[in-house]
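Here are the chains, one letter per residue:
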Amino acid sequence: MDLETGIHRNQVKKESWRTVLTLAYQSLGVVYGDLSTSPLYVYKSTFAEDIKHSETNEEIFGVLSFVFWTLTLVPLLKYVLIVLRANDNGEGGTFALYSLLCRHARLSSLPNCQSADEELSDYKKESDARSLKPNSSFGSGLKSTLERHRVLQRFLLVLALIGACFVIGDGVLTPAISVFSAVSGLEFSMSEKHHKYVELPIACIVLICLFALQHYGTHRVGFLFAPIVLAWLLCISAIGLYNIIHFNPTVYKALSPYYMYKFLKKTQKGGWMSLGGILLCITGSEAMFADLGHFSQLSIQIAFTSLVYPALVLAYMGQAAYISTHYTQGGNSHIGFYISVPEQVRWPVLVIAVLAAVVGSQAIITGTFSIIKQCSALDCFPKVKIVHTSSKMHGQIYIPEINWILMLLCLAVTIGFRDTKRMGNASGFAVISVMLVTTCLMSLVIVLCWHQSVFFAICFVFFFGTIEALYFSACLVKFHQGAWVPVALGLCFFFVMYVWHYGTVRKYEFEVQNKVSINWLLSLGPSLGIVRVRGIGLIHTELVSGIPAIFSHFVTNLPAFHQVVVFLCIKSVPVPHVRPEERFLVGQIGPREYRLYRCIVRYGYRDVHKDDVGFENDLVCSIAEFLRSGSSPEKKITSEDFENENDKMTVVGTRSTHADGIQLSEDNVEMTPEITTLGQREIRSPPPPVKQREIRSPPPPVKQREIMSPPMPQRRKKVRFIVPESPKIDTGAREELRELMEAREAGVAYIVGNTYMNAKKGSSWMKRFAIDYGYEFLRRNSRTASYALNIPHASTLEVGMIYHV
């Protein structure tokens, strides 16, 4: 898998209009599946209980007016025209906003941040390169206040985690309500007695198949997603246009905001409570921002304004036109999508609806995988198995543990509720909660990142916050009618995220406080007081400076180590992608003869980690390039010099980025095993006659069998460095390169810390509960560091230690 491709796709996306239009077409299947299926359940959820349809049609016209203006103000005005501009180098979502704030106000929750990270090309957006400080005095004061007070920094982190938790909750609820609403169309083809026994099993079977097929990856069937959603949008818009012309051509008058006033005046409390059903018309709007990294801002804007928005408006107007002339037939129980579909095309529409619901569910499930990967990269979620299902499309991942948890929760919601009313209440609460978090974070982005006046931020919060608060209050009233589900799910995931982040920070602080002194290292001499064996020893650590305690713990109990030692730190930085030419930070610890190096590998929160072989070669080449460039110091390093070790590190790219530098050549050669006796040595090559006679002398029975069966040839890796002619390399660097080449040829061993944490005596009961029970439970039941980092099992050695934090 070429993991470096797709990192700078945004530059490619802007090449031509053909590219933009192609991306706009593809975005239909990934971004708009959830939003486009909302007509299946909006009217049915709105008229479920709180309001009744009457002959005056004030209720249905008022609901249509609310739906139209909600679609116009939230998805169109807020997201398409404003929020999409707040992308993090082409990436969107809650964590994209949070990472923007972290970089502009130095609020990063990652403990191992360095000043060198701020020099990354993507650390500052191009539009922000002209100014590093907010223009307004209020912005400067807000920035300094956030940087000084840890409580405010924790609050922003909690806010971002809350948004992520409700996105995950939406990943449970959206497949349930979408598939269940699509399957509910069967009620018009069978009796009610049979329908209630068929609807639920079919919905569960579809959901099980949906989650069971996740491990194949969306790229295998992704080419069908856009045509399905396109067919669905054309279908509902055509049916809507037919209903408008055939039943009530004057329904367009209901688009006036005056009908919203008449609706609330007549229905009062019931109309306010029904806003929870109207809210479902914008479910999936957050996907336009969250999935921005797969497409471009312009392509998503074109797709929504030219196709999705008009089709949805026509669909809702058509349903309203039909209901306005059929108010006497069945009352509220027959208000829904399928009743407005002409009977002749009901079955084809049902098939397309189920397929569109599956596509919409697939998009939110993939989005859930992405948000969990981002949380894990930022140390806010336990390590999980991440499978990259596509070698061509960047970001297509599959997380087995999360997939099956989502499936069980989704089936539990479907079987437990069995109706769209309570599912709608739950889904609406999750959707509006994420939108409120986005509004709060956007107000800070306007001041700190866009350097705009605080007046614009207040207007943004007041206008959109008021609309969302109105819907949020309507959902909150229905807490006991299903809205408690996303709250319960959110609390569970929030507990996992915050406890894991808290434990990770405490673990890092302990390692910083207990790192080994340079004086201890220098006192050991070049051999470090131990036996140095051939090979490269990679010591994984979270520290960006200093020597980890696991190294001293290891050599104290087992006084032998490899001839080349590399302290390897694989860290995430608050940017979506790190360019390949800025991937490695390489430095040397101690004098040259110690053969101790530090290598910091930087990944963005949406980057893909390389496999072990490719990573090893890149790592060795980066160290070799560091030695060739003359960055290796000649003088003896003292403890004072070691304190400024970070200032001496050099940025080195991957092998593909320095074609004119050192290249690694590996050849597999066949070699016979090393043999000690004279007769066995003669087997390696054609022996002379006298040696042949020696072999035929009577040996012991076991030796006879060994000589009679020729040894199997073994394949051995031959490593060579291809060094350019200029600049010339001094003798010391050449000797280091030779030793590094020999060590790479001998093999690489990974030394990983397997630490247990206990709260130290005297800690509060909350800390003891969080560390001793919460964090340790998550650590024992999550993937190990070696698995998460793709470290080969056969070359891994774990060093156990107990941390009292």
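Here the structure is shown first, and the text comes after it.
Figured I'd write up the structure that's included with this text. (Residues numbered from 1 in each chain as written. Predicted model: local features only at pLDDT ≥ 70, side-chain atom pairs only at ≥ 80, totals over all residues. Heavy atoms only, no water.)

### Considerations on the sheet that holds strand E4 (residues 560–573)
Part 1 of the argument: Reading across the sheet, the 7 strands line up as E7-E5-E6-E4-E3-E10-E11 and stay open at both edges, with mixed pairing between neighbours. Whereas interior strands pair on both sides, the edge strands pair on one side only; in this sheet they are strand E7 (650–652) and strand E11 (796–804). Ignoring strand direction, the axes of neighbouring strands in this sheet form an average angle of 30°.
Part 2 of the argument: In terms of strand pairing, strand E5 (residues 584–589) meets strand E6 (residues 596–604) through 6 bridges, oriented antiparallel. Bridge pairing in E6 places leucine 585 opposite isoleucine 600. (Pairing = 2+ DSSP bridges. Helix = DSSP H or I, 4+ residues; strand = E, 2+ residues; numbered from the N terminus. Axes fitted to C-alpha atoms, helices over the stretch in contact; angles between N-to-C directions.)

### A closer look at helix H11 (residues 258–267)
Part 1 of the argument: The set of residues buried in H11 consists of Tyr259, Met260, Phe263 and Thr267. The arc that holds the buried residues of H11, viewed along the axis, is 105°, so those residues lie on one side.
Part 2 of the argument: Of the surrounding elements, those touching the buried residues of H11 are helix H5 (58–80) and helix H12 (269–273).
Part 3 of the argument: The first or second residue beyond H11 is glutamine 268, which carries a positive phi of 55°. (Buried < 20%, exposed > 50% of the residue type's maximum accessible area, 1.4 Å probe, protein only. Arc of directions from axis to C-beta. Contact = heavy atoms within 4.5 Å.)

### So, the side chain of lysine 78
Part 1 of the argument: Relative to the elements of secondary structure, lysine 78 occurs in helix H5.
Part 2 of the argument: Take lysine 78: its relative accessible area is 0%, and that puts it in the buried class.
Part 3 of the argument: Engagement of the side chain of lysine 78 in a polar contact is seen with the side chain of threonine 439, the distance being 2.8 Å.
Part 4 of the argument: Looking at lysine 78, its side chain comes within polar contact range of the side chain of glutamate 468, at 2.5 Å.
Part 5 of the argument: Once residues within four sequence positions are removed from consideration, lysine 78 is found in contact with Leu73, Val83, Met435, Thr439, Phe460, Phe464 and Glu468. (Polar contact = N/O pair within 3.5 Å; in protein donor to acceptor, adjacent residues only side chain to side chain.)

### A short note on the pattern of salt bridges
Part 1 of the argument: Enumeration over the complete set of coordinates arrives at 17 salt bridges.
Part 2 of the argument: Across the pair arginine 103 and aspartate 88 runs a salt bridge whose closest N-O atoms are separated by 2.8 Å. Here arginine 103 is found in helix H6 (residues 94–105), whereas its partner aspartate 88 is found in the loop between H5 and H6, with 15 residues between them in sequence.
Part 3 of the argument: A residue is classified by how much of its surface remains accessible, and aspartate 88, at 0% relative accessible area, is buried.
Part 4 of the argument: Arginine 783 is the salt-bridge partner of glutamate 401, the closest N and O atoms lying 2.8 Å from each other. With a gap of 382 residues between them, glutamate 401 in helix H17 (residues 400–417) and arginine 783 in the loop between helix H29 (765–780) and helix H30 (785–788) connect regions that are remote in the sequence.
Part 5 of the argument: Among the residues examined, arginine 783 registers a relative accessible area of 27% and is labelled partly exposed.
Part 6 of the argument: Among the charged side chains, a salt-bridge network with shared partners connects Glu58, Glu59, Lys262 and Lys266. (Salt bridge = Lys/Arg side-chain N within 4 Å of Asp/Glu carboxyl O.)

### Side note on the packing of helix H8 (residues 150–183) against helix H20 (residues 484–513)
Part 1 of the argument: The contact between H8 and H20 brings their axes to 8 Å, and the two run at 130°. In this view, H8 runs oblique relative to H20, as classed from their interaxial angle. As for how H8 packs across H20, the hand of that crossing is right-handed. Facing Arg154, Leu157, Val158, Leu161, Ile162, Ala164, Cys165, Phe166, Ile168, Gly169, Val172 and Leu173 of H8, the residues of H20 in contact are Val485, Pro486, Val487, Leu489, Gly490, Phe493, Phe494, Met497, Tyr498 and His501.
Part 2 of the argument: Here the contact of H8 with H20 is built from residues that sort into 18 nonpolar, 3 polar and 1 charged. (Parallel < 35°, antiparallel > 145°, perpendicular 65-115°, else oblique. Left-handed = near helix turned anticlockwise from the far one by under 90°. Nonpolar A, V, L, I, M, F, W, Y, C, P; charged D, E, K, R; others polar.)

### Describing the state of the cysteines
Any covalent bond linking the sulfur atoms of two cysteines counts as a disulfide.
Part 1 of the argument: All chains considered together, the criterion is met by 0 disulfides.
Part 2 of the argument: Of all cysteine sulfurs in the structure, the one in cysteine 410 sits closest to cysteine 204, which takes part in no disulfide; the separation is 8.6 Å.
Part 3 of the argument: By relative accessible area, which is 11% here, cysteine 204 ends up buried. (Disulfide = S-S within 2.5 Å.)

### Observations regarding the packing of H8 against H17
Part 1 of the argument: As a packed pair, H8 and H17 sit with axes 9 Å apart at the nearest point and diverge in direction by 50°. One finds that H8 runs oblique with respect to H17. In this structure, the crossing between H8 and H17 has a hand that is right-handed. Along its contact with H8, which presents Ile168, Gly171, Val172, Leu173, Pro175, Ala176 and Phe180, the element H17 presents Leu406, Leu409, Cys410, Val413 and Thr414.

### Overview of the pairing of E5
Each regular strand shows side chains that alternate between the opposite faces of the sheet.
Part 1 of the argument: Buried residues dominate E5, accounting for 6 of its 6 residues.
Part 2 of the argument: Connecting the antiparallel pair E5 and E6 is a turn made up of 6 residues, with glycine 590 showing a positive phi of about 80°.
Part 3 of the argument: Sheet analysis places E5 next to E7, joined by 3 bridges and oriented antiparallel. Each residue of the ladder has a partner; that of valine 586, found in E7, is threonine 650.

### Quick notes on unusual backbone geometry
Part 1 of the argument: Phi angles above zero are rare outside glycine, and glutamine 268 is one such case at about 55°.
Part 2 of the argument: The class of glutamine 268 is exposed, set by a relative accessible area of 56%.

### Here's the deal with the environment of asparagine 758
Part 1 of the argument: Tracing the backbone shows asparagine 758 in strand E10 (residues 748–758).
Part 2 of the argument: Taking the C-alpha atoms as reference points, asparagine 758 and histidine 804, 46 residues apart in sequence, are found 5.0 Å from one another.
Part 3 of the argument: Sequence-distant contacts of asparagine 758, that is, excluding residues within four places in its chain, are made with Ile771, Asp772, Ile802, Tyr803, His804 and Val805.

### Side note on the packing of aromatic side chains
Part 1 of the argument: Evaluated as defined, the whole model comprises 27 aromatic pairs.
Part 2 of the argument: Ring geometry for phenylalanine 247 versus tyrosine 322: centroids 5.0 Å apart, planes at 85°, classification edge-to-face. Pair noted here: phenylalanine 247 is in helix H10 (residues 222–247) and tyrosine 322 is in helix H15 (residues 297–324), with a separation of 75 residues, a long-range link.
Part 3 of the argument: Relative accessible area serves as the criterion here: at 13%, tyrosine 322 is assigned to the buried category.
Part 4 of the argument: Every member of this aromatic cluster is reached through a ring pair, and the members are Phe61, Tyr258, Tyr259 and Tyr261. (Phe/Tyr/Trp six-rings, centres within 6.5 Å; stacked < 30°, edge-to-face > 60°.)

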